[in-house]
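Structure at a glance
Listed below are the residues making up each chain.
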Amino acid sequence: MSGVIGKARRRVDGRAKVTGQTRFADDVMLPRMVHCKLLRSPVPHARIVRIDTTRAASHPGVHLVLTGDSFPISYGVLPVSHDEHALCPDKVRFVGDPVAAVIARDEATAAEAVHLIDVEYEPLRTYASPDDSLAHAEPRIHEYGDTGNVHKAVSLQFGDVDTAIAGADHVFDDVFFFEGSTHLPIEQHATVAAKDPDGKLVVWSSTQTPHYLHRALAKALQMPAAHIRVIATPNGGGFGGKSDPFNHEVVVARAALLLDRPVKICLTREEVFYCHRGRHPVLMRFRTGVTKDGRITGVDLQTLLDGGAYGSYGVASTFYTGALQTVTYDIPTYRFRGCRVFTNKPPCGPKRGHGTPQGRFGQEVQLDKIAERLRMDPAELRLRIIAPPNSLTANYLRIGTIGLAECVHRVVERSGWREKFRHLPLGRGLGLACSSYLSGAGLPINWNDLPHSGVQLKLDRSGGVTAFCGATEIGQGSDDVLVAAVAEVLGIDPFDIRAVTGDTDLTPVDLGSYSSRVTLMMGNAAIEAATRARELLAQAVSRKLDIPVERVWFQERRVFDGDAPERGVSFQEAVCIAEAQFGTIGTTGSYTPPKSAAKFKGGGVGPSPTYSYTAAVVEVDVDPATGWIVVPTVWIAHDIGRSLNPTLVRGQVEGSVYMGLGEALMEEQAFRRLPPRLSNALVHKFPSMLEYKSPTFLEMPEVHTDLVESMDPAGPFGAKEVGQGPLLPIMPALANAVYDAVGVRIDEVPVTPEKILKALLQKAAGKPARVGPAVFPENIPWPETLMVTPPWEGGDGRASNEPVKKSTRKADAGVEATAGVRS
Amino acid sequence: MMRLPAFAYRAPRTVHEAAQWLSDSPGDTMLLAGGTDLLPNMKRRQQMPRTVVALRGIAELAAIVSGGRSVESEGAGEPSGPTPARRPGAGGTVIGAAVTLAALVRDDRIRASIPGLWQAAIQVATPHLRNMGTIGGNLCLDTRCTYYDQSFEWRKAIDFCMKKDGRICWVATSSPRCLAVSSSDTAPMLQALDARVRLVSASGQREIPLTAFYNNDGIQYLTKRADEILTEVIVPEQDGWRSTYWKLRRRGSFDFPVAAVAAAARLDAEGRVQAVRLVAGAVSSRPLSAPKAEALLVGETLTDERIVAAAQAVYEIAKPMDNTDFELVWRKKMVTSLATCALRELRGDDVRAARQRLARSIL
């Protein structure tokens, strides 16, 4: 009903979840179903010399054994890195890379049989770190990429940054490191594939991106996409870890087609660690010029990403480490150089915040250092340099509304910042940090002019409304946003509406639950579809009531004369009247983001219809004797644009605080390289939920959440994103709080007790009170820097030294077998 | 998910029957109590018994007998079986090996008379795991190591280690012995309480001090013979004794100890130490007693200086290696801090703030 939006409500899928009735992928059970298990590489980097599947194939209960021979076609999520095969055809690139698959009558039989597959490997050099990969070009982990084992290096400059930094009153030059971490969704990835009676393929999978899986299956299996149906089952959490098409999905699809039986796979937790696609470990160097009153004259940023063994979203991740700095603060000149290298570890990719938390950490900790040197309050410093609203940044990102100043004011107020900062006793401290994030990527992954989200509505004479959309419910509440938007426009209750989502046969394409795009893009598409339905109903009812159409109101399941509310019909009657007049009532809506102002190569990463903003204050309690650290309280304020359902918004903010604290305090996607004289082994240090440390309820602090509503015209009802942005300030705010508490700088995450104590002991010995990386490597093969003139210097969004090439790329038609060929 | 390998399952109703099953083929038979240690290990193929003898149906193992009075612990299944083989002395306590950790921490007598044991037991893992895990299981807990507590596939990728299927100890490649870590919370505490354990086999039974139950070897970490069943833990009378347990772990729930100090002491009216036992946990392959630290305290009052000196002496015996959570140098340093907290608590200091910070609960 009008009044749905902004009200804290029970989510529409809540009942199914709390009563255990949500059907996740592993709950899909089909008659005659058989089970799949993958054989994964035990070596980090090797050529496959020979695979003998004879023993496994003759094992009782085994139906099928597959190897790389069955999967000649590569795929990948980005068109520029289709570097994955469902099963490795000729070489393995990390411990966990899938080599073969067994499909058997049950999981235990399949698990036994994978050990009967004999594989002979010829070991290749193990690359354990970016330093290794930069130092040795051969052998290459992949035969593509920039050079040697460098996957991608980019260099962009916006304005004369060198002169701007040289002319600054102070220059700050800091190196930071952000450790990799993984998503840790409660649900392990699972997929069921089956052949329909008519021969078509159906795949149920815990995927955040059914559309991209649809494309990948069409390509890898060389099948018409129209003969493939992908159903994204509700995800038990995704956080970016289920946004790539995965080996196991392609394998069970092929197996189901070959066997003509349903095939299921459910990964173990260890295998989820191998799927990974989590936070890239990033080493970064920030050189920043500031005036004595705290204004930034220029930033020169370099980042080095440890990409792991495959491309994944890595090219985008690389750009994201440098894209959004300018959206938060006013940075008149800027140079960004980013480099991603391949290593023999599970591939990194997008994790909540995708590429931006690392750079955000460096920038926010450096700002804390700047404030201290300038003897300014860190909150005051930030308030002075917040980017202007409704502006174009140096790198051509168009900013909408900005509620960041209000966010800063709220956390400063609520936390008692002015009384506490630098005034608490030794061991107690507060730290502040800010951030911004995309409300959906402005450009599609596969280059085309098609909408990013589509919604169809069906209204029938029962008064029932069904909303169809390709968006995927991954726990964030996208189904609830969909029905809330429709309910608001049509004046009915969210529970009156049935949501059909994430099914490529039934629902129009939505690009997926990633990049914080769903609320904004699906929301706008839903509003358009609902508005069109409302117009039909309003016309029909206006005729019936004989009033002008503008006087027809929709509220409380009624359609009535706004001037005489007692004159009207029920919503169901309105649908019947409209159906009698116009025939079957169905409408559509779609959303395409505005064109980006950035025309330079690489400018496709960063644009968004609008950006969310967050400020956070983290309080720490550090034992100066041991370094032991506890977080008692977090105050956080988020510019949500408009809060569609505050219950969900607060849940996302608190979940972000939780995940941020995990990254800040303990999470590490760490590896063990055994002594090279004895072994080539390079293994994940602890692929289990026991030893990969992530906080529990007991570690969760008090969280005070404030929502700031800046009503952005680009958003549905004014809304922005909330799924990712609130995570970003937590890590730097915590590091800054440690400095306030005990006077040491931990310039890397996680901020562990060991590091704090080490820094305290160094401080006591008169050495630098800091733990963090010392240098940024000098041997990165940077390409020629693209020079882009900022808008205020008359730039047009193009690079002056980029050859203007006429686009010869054929527009990608959407979904087809040839979709996303390497460009 | 990871699946169990095939095995034969025996469900005896008496200790005698269990001992008989065990004596059939002790080399490839293992005992199952709560299963929280054994079953995951079997899924990871760390332990592959052909036969599993379950102790859950043996009622006589699930009783706590305190000061001669027997009380069936909750959830023990069958009503009282035969009485335990030994009655404790007045004030002493006999704990059946299959008493769950949850039942132990629910027992008010334990909390009142043996606070250190209560503190140790309530800090084992999570409530769910304590509902299943038993005191006997915790004492027999397999030693742990980040090179060992991994799936078969993972261990294959490092070509295994000497504890299972391999030859080398990756923690220290020249080590002649396995360096897996004693990770029991109750073992160091019960050793500090001078507890004894009863071992029963088909051929007889014996009672030994808990300190003689352990070897400092990650593989042969128990002196128990393969055909013996740990049936009960005998805690001597605690009259006049104070006890406490301090545990280091990353999170206030769930995690195994990566360093711990258990302390028990009897003070006279003037606060002088008449007797004291200090044991370091999770910094070696067995709980380590700290006789030098104890000697520094006997006959002395627990001044700050004495506490610092004794804590330093506990620190010196700790031998952490790089095979658990946290850096080993820092872990070793934390032993000093844990010992200091433990001794201050025995002195009567209010240590609730420190406890809250470390354990996320004042206990």
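Our subject is the structure listed above.
Residues numbered from 1 in each chain as written. Chains lettered and ligands numbered in written order. Predicted model: local features only at pLDDT ≥ 70, side-chain atom pairs only at ≥ 80, totals over all residues.

1. A closer look at the sheet that holds strand E22 (residues 564-570) of chain A
Residues and elements named next belong to chain A. Keep this limit in mind: Strand pairing follows a simple DSSP-based rule, namely that at least 2 bridges must link the two strands. Helix and strand labels come from DSSP, where a helix needs a run of H or I of at least four residues and a strand needs a run of E of at least two; each type is numbered from the N terminus. Axis definition: a line fit to C-alpha positions, over the contact stretch in the case of helices; interaxial angles, taken between N-to-C directions, run 0 to 180 degrees.
The strand order E20-E21-E22 describes an open sheet built from three strands, whose pairing is antiparallel. In this open sheet, the two edge strands, each paired with only one partner strand, are strand E20 (552-555) and E22. Along the sheet, successive strands turn relative to each other by an average axial angle of 35°, direction set aside. Relative to E22, strand E21 (residues 558-561) is paired through four bridges, and the arrangement is antiparallel. For Asp561, the partnering residue across the bridge sits in E22 and is Ala564.

2. Quick look at unusual backbone geometry
Residues and elements named next belong to chain A. Put simply, the rule is: Burial is judged by counting other C-beta atoms within 10 Å of a residue's own C-beta: 20 or more means buried, 12 or fewer means exposed, and anything between counts as partly exposed, with every C-beta placed from the backbone.
Along the chain, Glu138 connects to Pro139 via a cis peptide bond; the corresponding omega equals -5°. As for its placement among the helices and strands, Pro139 is situated in the loop between helix H4 (130-135) and strand E7 (150-158). With an omega of 0°, the peptide bond between Val749 and Pro750 qualifies as cis. Unusually for a residue other than glycine, Glu556 sits at a positive phi of about 50°. Here Glu556 is to be found in the loop between E20 and E21. A tally of 15 C-beta atoms within 10 Å means that Glu556 is categorised as partly exposed.

3. Some points on the interface of chain B and chain A
Rule in force here: Any two residues are considered in contact once their C-beta atoms, placed from the backbone, lie within 7 Å. Asp, Glu, Lys and Arg are counted as charged, while Ala, Val, Leu, Ile, Met, Phe, Trp, Tyr, Cys and Pro are counted as nonpolar; the rest, among them Gly, fall into the polar class.
Counting from both sides, the interface comprises 27 residues of chain B and, opposite them, 34 residues of chain A. Elements with a minimum of two residues in the side of chain B that touches chain A: helix H8 (152-157), helix H12 (328-347) and helix H13 (352-359) of chain B. Counting residues per element, the side of chain B that touches chain A draws most heavily on H8(B), which supplies four residues. In terms of residue class, the side of chain B that touches chain A is made up of 11 nonpolar, six polar and 10 charged.

4. Some details on the packing of helix H11 (residues 304-317) of chain B against H12(B)
Any two packed helices are characterised by the angle at which their axes cross and by the distance between the axes. Residue and element names in this part refer to chain B. As a reminder of what qualifies: Orientation categories follow fixed angle ranges, with anything under 35 degrees roughly parallel, anything over 145 roughly antiparallel, 65 to 115 roughly perpendicular, and all other angles oblique. Helix crossings get a hand from a simple test, with the near helix turned counterclockwise from the far one by less than a right angle marking a left-handed crossing and a clockwise turn marking a right-handed one.
The contact between H11 and H12 brings their axes to 8 Å, and the two run at 140°. Relative to H12, H11 is oriented oblique. Considering how the two elements wind past one another, H11 and H12 form a crossing that is right-handed. Contacts between H11 and H12 pair Ile307, Val308, Ala310, Ala311, Gln312, Val314 and Tyr315 from the former with Lys332, Val335, Thr336, Ala339, Thr340, Leu343 and Arg344 from the latter. Residue classes in the contact of H11 with H12 are distributed as nine nonpolar, three polar and two charged.

5. Considering the pairing of strand E25 (residues 629-639) of chain A
All names here are of chain A. The element E25 is extensively covered by neighbouring structure, given that eight of its 11 residues are classed as buried. Bridge analysis of strand E24 (residues 611-622) against E25 gives nine bridges, and the strand direction is antiparallel. The partner of Val618 across the bridge, within E25, is Val634. Between E24 and E25, which pair antiparallel one after the other, the connecting turn spans six residues, and Gly627 there sits at a positive phi close to 85°. As paired elements, E25 and strand E28 (residues 702-708) share seven bridges and run parallel to each other.

6. What about the environment of Ala25(A)?
All names here are of chain A. Take Ala25: it is sitting in the loop between helix H1 (14-18) and strand E1 (34-40). The class for Ala25 is buried, based on 26 C-beta atoms found within 10 Å. Through-space distance from the C-alpha of Ala25 to that of Ser205 is 5.5 Å; in sequence the pair is 180 residues apart. Those residues in contact with Ala25, other than ones at most four positions away along the chain, are Ala190, Thr191, Val192, Trp204, Ser205, Ser206 and Thr233.

7. What about helix H16 (residues 518-545) of chain A?
Here is the rule we go by: Take the number of residues in a helix, subtract one, and multiply by 1.5 Å to get its expected span.
With 28 residues, H16(A) ought to run about 40 Å at 1.5 Å a step, and its terminal C-alpha atoms sit 38 Å apart, in line with that. Among the 28 residues of H16(A), 20 are classified as buried, and the element is accordingly described as predominantly covered.

8. Brief notes about the pairing of strand E11 (residues 259-267) of chain B
Residues and elements named next belong to chain B. Counting buried residues along E11, seven of its nine residues qualify, which places the element largely inside the surrounding structure. Pairing between strand E10 (residues 241-248) and E11: eight bridges, direction antiparallel. Along E11, the bridge assignment pairs Lys247 with Ala260. Two strands pair when backbone bridges link them, and E11 and strand E12 (residues 273-281) are joined in this way by eight bridges, in the antiparallel orientation. Paired with Val261 across the strands is Ala280, a residue of E12. Linkage of E11 to E12, two consecutive antiparallel strands, is achieved through a turn of five residues, within which Gly271 is found at a positive phi near 85°.

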